[in-house]
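So you can see what is in the structure, the chains are spelled out below.
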Amino acid sequence: MYFDFATWRRLIWLAAHESSPRRRFGLYYRLLVKVPLIALFNAICLALDPILFPGLRRVDVRQPVFVIGHARSGTTLMHPADVRRWRAFQRVPLPGTVCALGIAEEGRALDRAPR
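Residues numbered from 1 in each chain as written. Predicted model: local features only at pLDDT ≥ 70, side-chain atom pairs only at ≥ 80, totals over all residues. Heavy atoms only, no water.

(A) Representation of helix α2 (residues 21-52) within the structure. The end-to-end C-alpha separation of α2 is 45 Å, in line with the 46 Å expected for 32 residues at 1.5 Å each. At K34, α2 shows its strongest bend, of approximately 30°, with the proline P36 following within four residues. Residues G26, L31 and A39 constitute the buried set of α2. Packed against the buried residues of α2 are α1 (5-16). (Helix = DSSP H or I, 4+ residues; strand = E, 2+ residues; numbered from the N terminus. Expected span 1.5 Å × (residues − 1). Bend = angle between axes of the 7 residues up to and from the residue. Buried < 20%, exposed > 50% of the residue type's maximum accessible area, 1.4 Å probe, protein only. Contact = heavy atoms within 4.5 Å.)

(B) Expanded view of α1. Between its first and last C-alpha atoms α1 spans 16 Å; for twelve residues at 1.5 Å apiece the expected length is 16 Å, and the two agree. If you check which residues of α1 are buried, you get W8, I12 and A15. For α1, the arc enclosing every buried residue in end-on projection is 60°, short of the 170-degree limit, so these residues lie on one face. (Arc of directions from axis to C-beta.)

(C) Representation of the pattern of salt bridges. Evaluation of the coordinates by the stated rule reveals one salt bridge. As a salt-bridge pair, E18 and R23 come within 3.8 Å of each other at their nearest N and O atoms. Judged by relative accessible area, which is 52%, R23 ranks as exposed. (Salt bridge = Lys/Arg side-chain N within 4 Å of Asp/Glu carboxyl O.)

(D) Quick peek at the confidence of the model for the protein. Overall, the prediction assigns the protein a mean pLDDT of 74, with 56% of residues at 70 or greater. Looking over the protein, one finds the lowest element-wise mean pLDDT in helix α4 (residues 94-112), namely 49, and the highest in α1, namely 92. Low pLDDT (under 50) marks residues 103-113, which in the prediction has one contact with non-local residues, meaning those over four places away or in another chain. (pLDDT = per-residue confidence, 0-100.)

(E) Focus on the environment of D4. Relative to the helices and strands, D4 resides in the segment before α1. Within the structure, D4 has its side chain in polar contact with the side chain of T7 (distance 2.6 Å). (Polar contact = N/O pair within 3.5 Å; in protein donor to acceptor, adjacent residues only side chain to side chain.)

(F) Up close: the packing of aromatic side chains. Per the stated rule, a full pass over the model turns up three aromatic pairs. Taken together, a centroid distance of 4.8 Å and an interplanar angle of 65° make the contact between F3 and F5 edge-to-face. In this structure F3 comes out as partly exposed when scored by relative accessible area, which is 23%. For the pair F5 and W8, a centre-to-centre distance of 6.2 Å together with 75° between the ring planes defines the contact as edge-to-face. (Phe/Tyr/Trp six-rings, centres within 6.5 Å; stacked < 30°, edge-to-face > 60°.)

This is the structure we're talking about:
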């Protein structure tokens with residue numbers, strides 16, 4: 001499991017320098033209670049993966065995998081990890097995807113058009 005302790009400590013340091021005591025308390029609560037609890041939950045889930053899904057790592061993916069997500073959903077964060085694992089990984093930005101879908105739909109409509 002990966003947890004960026006350096007950034008977390010930096011955020012705590014920044015929270016300590018917040019001028020408003022109420023806001024400082026809210027930041028401390030999030031950083032010292034919520035973030036560690038979420039990180040612990042993620043670590044437990046990752047530890048349970050091999051137990052609950054023992055064959056998961058041995059699955060041979062033969063079909064392409066398409067990862068489509070909204071902005072800020074983690075798809076960009078996932079991209080570098082996928083590129084390191086699979087050399088044939090391709091990233092298409094949203095406008096390219098929308099244009100490709102439009103071209104595909106237009107081509108299907110042209111195929112059905114009477115000649």
